[in-house]
Amino acid sequence: GLKDAAKALMEKAGVPVVPGYHGDNQEGDFLAGQAETIGYPVLIKAVAGGGGKGMRRVDDPADFAKELKSAQREAGAAFSDERVLVEKYVARPRHIEIQVFADSHGQAVSLHERDCSLQRRHQKVIEEAPAPGMPDEMRKAMGEAAVAAAKAIGYRGAGTVEFIADASDGLKPDGFWFMEMNTRLQVEHPVTEAVTGIDIAQWQLRVAGGETLPFSQGDITCTGCSIEARIAAEDPANGYRPEVGLITGYIEPDMPGLRIDSGVRVGSIVSHYYDSMLAKMISFAPDRSAAIRLLDRGLEKFFIAGLGSNIAFLRDLLEMPEFVTGTHNT
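The model shown is predicted, which means the values in this text are computed figures rather than measured ones. (Residues numbered from 1 in each chain as written. Predicted model: local features only at pLDDT ≥ 70, side-chain atom pairs only at ≥ 80, totals over all residues. Heavy atoms only, no water.)

Engineer: What is the right way to read the nonpolar core from this model?
Structural biologist: The tendency in soluble globular proteins is for nonpolar side chains to be buried side by side. If you look at the biggest cluster of nonpolar residues, it comprises 34 residues, and the most contacted ones within it are Ile126, Ile227, Ile231, Met281, Leu299, Phe302 and Ile304. Of all the secondary structure elements, the ones that give two or more residues to this core are strand S7 (123-129), strand S10 (225-232), strand S15 (258-262), strand S17 (277-285), helix H7 (288-301) and helix H8 (311-319). Ranked by the residues each element gives to this core, the list is headed by H7, at 6 residues. Those residues in contact with Met281 that lie beyond four places of it in its chain are Ile227, Glu228, Ala229, Ile231, Pro253, Leu258, Arg259, Ile260, Leu295, Gly298, Leu299 and Phe302. (Core = buried A, V, L, I, M, F, W, Y, C linked by side-chain atoms within 4.5 Å. Buried < 20%, exposed > 50% of the residue type's maximum accessible area, 1.4 Å probe, protein only. Helix = DSSP H or I, 4+ residues; strand = E, 2+ residues; numbered from the N terminus. Contact = heavy atoms within 4.5 Å.)

Put into structure tokens, the structure is as follows:
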């Protein structure tokens, strides 16, 4: 749960980490000196955080002290921990993560990658598998690094090792670095289930019960393309303001190749006390273009009444030229 400890552990395991400082010294002048050594632009990140809270990009040394205090205040309020780390900012970053699985009998495998680069305010919005434009040699290197990370901590169950990749000159096997590990089943796991045919949720329970994974690394294939969109109760036109209230109408489309995981129905009351996500829509098709078209048709037919949603925003993203060509970044 702590980014600094995780980075230190990954360095020992031989997993590449983003160049930066993740030590104990939290003095402002010292951290400013570290930023100079790393080279601007840099990222200030909350040690204990996630979801973009306590994170600041700094391009000018003159702004470092102000941004540091701002990040520390936000980190303290959100996580009761003001500590931060400083790392190199990757100019054209792709967020690519590897789904890993390990049992209690010494077996650990990679279930290939997901690209989660389409984000707003550092929050994932659309995720897909496999990552567009990713060379096989990079997929192999990243998968091996993720498995090494899982083995380094004696991990058991489903987990995700998140990497940042530099896409400024195309994806390369030596151009990715460890960010953090999510030691749980993630929102976007259905896209991996779709392309591998493995029921991750079921095997998480089986492994917890002491069973051995029935597949080795060589058994795990990746077929087709799957894309997930997070449907949320928010108004993108007004700063993504949360939408609250009673759901008076709700109809999910029923289409081949489309999966919907939802947490609401007609009569549900959406409050401001919880995450704004109402449902996830996941498409699966033989290729990426078909998966995009299917997801767009599904979103068009999705009906929610009583409060606003981000469905129109999601459809706009699917038509964005950078996303269509797979050249988008965070």
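Next comes the rest of the account.
Engineer: I keep staring at the pattern of salt bridges and nothing clicks. Help me out?
Structural biologist: A side chain of one charge can pair with a side chain of the opposite charge if their charged atoms are brought near each other. What the rule picks out here adds up to 28 salt bridges. Residue Glu97 is joined to Lys124 by a salt bridge in which the shortest nitrogen-to-oxygen separation is 2.8 Å. Remark: Lys124 occurs in strand S7 and Glu97 occurs in strand S5 (residues 93-102); sequence separation between them is 27 residues. In this structure Glu97 comes out as buried when scored by relative accessible area, which is 0%. Under the relative-accessibility criterion, Lys124 is labelled buried at 13%. The salt bridge involving Arg315 is made with Asp296; its shortest N-O contact spans 2.8 Å. One end of the pair, Arg315, is in helix H8; the other, Asp296, is in helix H7, with 19 residues separating them in the sequence. Under the relative-accessibility criterion, Arg315 is labelled partly exposed at 24%. (Salt bridge = Lys/Arg side-chain N within 4 Å of Asp/Glu carboxyl O.)

Engineer: Teacher, can you tell me more about the packing of H7 against H8 here?
Structural biologist: Helix-helix packing is characterised by the crossing angle of the two axes and by the distance between the axes. At a closest axis distance of 10 Å, the pairing of H7 and H8 adopts a crossing angle of 160 degrees. Comparing their axes, H8 and H7 come out roughly antiparallel. Both H7 and H8 take part in a crossing whose hand is left-handed. For the pair formed by H7 and H8, the contact residues are Ile292, Leu295, Asp296, Leu299 and Glu300 on the first element and Ile311, Leu314, Arg315 and Leu318 on the second. In terms of residue class, the contact of H7 with H8 is built from 6 nonpolar, no polar and 3 charged. (Axes fitted to C-alpha atoms, helices over the stretch in contact; angles between N-to-C directions. Parallel < 35°, antiparallel > 145°, perpendicular 65-115°, else oblique. Left-handed = near helix turned anticlockwise from the far one by under 90°. Nonpolar A, V, L, I, M, F, W, Y, C, P; charged D, E, K, R; others polar.)

Engineer: Looking at this structure, how should I read the side chain of His22?
Structural biologist: Relative to the assigned elements, His22 resides in the loop between strand S1 (20-21) and helix H2 (28-38). A relative accessible area of 17% means that His22 is categorised as buried. In terms of polar contacts, His22 uses its side chain to reach the side chain of Glu11, at 3.4 Å. With residues up to four places along the chain from it excluded, the contact list for His22 reads Asp4, Lys7, Ala8, Glu11 and Leu85. (Polar contact = N/O pair within 3.5 Å; in protein donor to acceptor, adjacent residues only side chain to side chain.)

Engineer: Hey, could you run me through the sheet that holds strand S3 (residues 56-58) in this one?
Structural biologist: Note: strands within a sheet are paired through backbone hydrogen bonds, in either parallel or antiparallel orientation. The strand order across the open sheet formed by 4 strands is S1-S4-S2-S3, and the pairing between neighbours is antiparallel. Of all strands in the sheet, those with a lone pairing partner are S1 and S3, marking the two edges. In the sheet, S1 pairs with strand S4 (residues 84-88) via 2 bridges, with the strands oriented antiparallel. Bridged to Gly20 within S4 is Glu87. Each of strand S2 (42-46) and S4 touches helix H1 (residues 3-12); the most contacted strand, S4, lies at about 50 degrees to it. Relative to S2, helix H3 (residues 64-79) is tilted by about 25 degrees, and along the sheet it contacts S2, S3 and S4. (Pairing = 2+ DSSP bridges.)

Engineer: I keep staring at unusual backbone geometry and nothing clicks. Help me out?
Structural biologist: Glycine aside, negative phi is the norm for most residues, and most peptide bonds take the trans geometry. With an omega of 0 degrees, the peptide bond between Tyr40 and Pro41 qualifies as cis. By secondary structure assignment, the location of Pro41 is in the loop between H2 and S2. In this model, Ala129 is joined to Pro130 through a cis peptide bond whose omega is -5 degrees. Here Pro130 is to be found in the loop between S7 and helix H4 (136-152). The phi dihedral of Ser80 falls on the positive side, at around 55 degrees, and the residue is not glycine. Take Ser80: it is sitting in the loop between H3 and S4. The backbone phi angle of His122 is positive, close to 70 degrees, even though this residue is not glycine.

Engineer: Where do I start with helix H6 (residues 200-208) in this structure?
Structural biologist: Structural remark: α-helix, 3.6 residues per turn; residues separated by three or four positions point the same way. If you check which residues of H6 are buried, you get Ile200, Trp203 and Val207. All buried residues of H6 project into a common sector of 60 degrees when viewed along the axis, lining one side. Residues of H6 that are exposed and angled more than 90 degrees away from the buried face: Leu205 and Ala208. Structurally, H6 contributes buried residues whose contacts are with S5, strand S6 (108-120), strand S8 (157-166) and helix H5 (189-196). Regarding H6, its N-cap is Asp199, as a side-chain oxygen of that residue lies 3.3 Å from the backbone nitrogen of Ala201 further along. Positive backbone phi, approximately 95 degrees, marks Gly210, located one or two places after H6. (Arc of directions from axis to C-beta.)

Engineer: Help me understand the packing of aromatic side chains in this model?
Structural biologist: Ring pairs (aromatic) are described by centroid distance and by the angle formed between their planes. In this structure the tally under the stated criterion is 5 aromatic pairs. Aromatic pair Trp203 and Phe215: ring centres 6.2 Å apart, planes at 80 degrees, arrangement edge-to-face. Here Trp203 is found in helix H6, whereas its partner Phe215 is found in the loop between H6 and S10, with 12 residues between them in sequence. Each member of the pair, Trp203 as well as Phe215, carries the same accessibility label: buried. Taken together, a centroid distance of 5.4 Å and an interplanar angle of 85 degrees make the contact between Tyr250 and Phe302 edge-to-face. Of this pair, Tyr250 sits in strand S14 (residues 249-251) while Phe302 sits in the loop between H7 and strand S18 (303-305); the two residues are 52 residues apart in sequence, bridging distant segments of the chain. For Tyr250, a relative accessible area of 13% corresponds to the buried category. Sitting above the plane of the Phe323 ring, Arg288 keeps its charged end 4.6 Å from the centroid. (Phe/Tyr/Trp six-rings, centres within 6.5 Å; stacked < 30°, edge-to-face > 60°. Lys NZ or Arg CZ within 6 Å of the ring centre and 35° of its normal.)

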